[in-house]
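Each chain is listed here by its residues.
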Amino acid sequence: MLTKTLSVTAIENGTVIDRIESGMALKILDLLKLPKERQKITIAMNLQSSILGLKDIIKVEDWYLNENDANQIAIISPQARVNIIKEYQVVSKADLQVPKEIKNIIVCPNKNCITHSERMPTSFLVEQLSKGPLYYCKYCERRFLKEDIKLK
Ligand SMILES: [Zn+2]
């Protein structure tokens with residue numbers, strides 16, 4: 001099966017981000033601010049997934065995701081899986097944790113929020129509900145759904 005072959009294509013060293021919500025791979029790449037001109041990056045979009053229906057995958061050779069990057073990915077696609085690969089072996093696997101507080105990554109969807117007029121860093125608290133996270137702006141004290149938030 002083609003999708004299966006794609007999803008297991010091995011890299012020698014690096015990071016594989018699997019189970020990304022479909023359509024979010026490019027957003028995540030943007031967020032990670034990789035040096036694109038030097039990095040070997042494979043992106044597969046809209047693969048079949050038994051868990052998600054469709055998913056995206058990102059593979060980056062010779063680069064390792066750190067905890068801060070992982071937290072940022074969790075904001076966009078909390079069900080993503082991160083595999084760290086060394087010499088073709090998965091040396092660590094991590095489920096992502098949405099951070100409790102998100103500083104200066106999200107733009108407040110409330111146009112009247114002071115963070116827009118003052119051009120100041122934003123700060124959101126994340127409240128975990130069974131249907132997904134809610135994002136609480138510390139400045140305008142409003143809550144937003146994941147669908148409403150935009151990244152800076
Ligand atoms: Zn706000």
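Residues numbered from 1 in each chain as written. Predicted model: local features only at pLDDT ≥ 70, side-chain atom pairs only at ≥ 80, totals over all residues. Heavy atoms only, no water.

1. Some details on the overall build of the chain
Logical step 1: A tally of regular secondary structure across the chain gives four helices and eleven strands.
Logical step 2: Overall size of the chain, expressed as C-alpha extent along the three principal axes, is 50 × 35 × 25 Å.
Logical step 3: Residues counted as buried form 41% of the 152 residues belonging to the chain.
Logical step 4: In the chain, once contacts between residues fewer than 6 apart in sequence are set aside, the share between residues at least 24 apart is 56%.
Logical step 5: Accessible surface, the chain as shown: approximately 9300 Å² in total, 49% of it carbon and sulfur.
Logical step 6: Considering the chain, the positive charge centre built from 23 side chains and the negative charge centre built from 18 side chains are found 3 Å apart. (Helix = DSSP H or I, 4+ residues; strand = E, 2+ residues; numbered from the N terminus. Buried < 20%, exposed > 50% of the residue type's maximum accessible area, 1.4 Å probe, protein only. Contact = heavy atoms within 4.5 Å. Areas by Shrake-Rupley, 256 points an atom, 1.4 Å probe, with all protein chains shown as cover. Lys, Arg positive; Asp, Glu negative; His and termini not counted. Charge placed at Lys NZ, Arg CZ, Asp CG, Glu CD.)

2. Looking at the coordination of the zinc ion
Metal coordination angles have textbook ideals: 109.5 degrees for a tetrahedral set of four donors and 90 or 180 degrees for an octahedral set of six.
Logical step 1: Around the zinc ion, the protein supplies Cys108 (SG), Cys113 (SG), Cys137 (SG) and Cys140 (SG) as donor atoms, at distances of 2.3 to 2.4 Å.
Logical step 2: Classification of the site at the zinc ion rests on its four donor atoms, whose angles at the metal span 104 to 115°, yielding the label tetrahedral.
Logical step 3: Along the chain, the residues donating to the zinc ion are arranged with the sequence spacing C-x4-C-x23-C-x2-C. In this pair, Cys113 sits in the loop between strand E7 (106–107) and helix H4 (114–117) while Cys137 sits in strand E9 (residues 132–137), placing the two residues 24 residues apart along the sequence. (Donors = N, O, S within 2.8 Å, 3.2 Å for Na, K, Ca; no water. Tetrahedral: all angles 85-135°; square planar, octahedral: opposite > 155°, others 65-115°.)

3. Looking at the sheet that holds strand E10 (residues 143–145)
Logical step 1: The sheet built from four strands is open, its strands ordered E6-E8-E9-E10 with antiparallel pairing. In this open sheet, the two strands that pair with only one neighbour each are strand E6 (101–103) and E10. In this sheet, neighbouring strand axes are inclined to one another by 30° on average, regardless of whether the strands run parallel or antiparallel.
Logical step 2: Of the pairings in the sheet, the one linking strand E8 (residues 123–129) to E9 comprises six bridges and is antiparallel in character. By the bridge assignment, Gln128 is partnered in E9 with Pro133. (Pairing = 2+ DSSP bridges. Axes fitted to C-alpha atoms, helices over the stretch in contact; angles between N-to-C directions.)

4. Looking at the packing of aromatic side chains
Logical step 1: With the rule as written, the count across this model stands at one aromatic pair.
Logical step 2: When the centroid spacing of 6.5 Å and the interplanar angle of 65° are considered together, the rings of Phe124 and Phe144 count as edge-to-face. A residue pair is termed long-range when its members are at least 10 positions apart, and Phe124 in strand E8 and Phe144 in strand E10 qualify at 20 residues.
Logical step 3: Here Lys86 stacks its cationic end above the ring of Tyr64, 5.0 Å away from the centre of that ring. (Phe/Tyr/Trp six-rings, centres within 6.5 Å; stacked < 30°, edge-to-face > 60°. Lys NZ or Arg CZ within 6 Å of the ring centre and 35° of its normal.)

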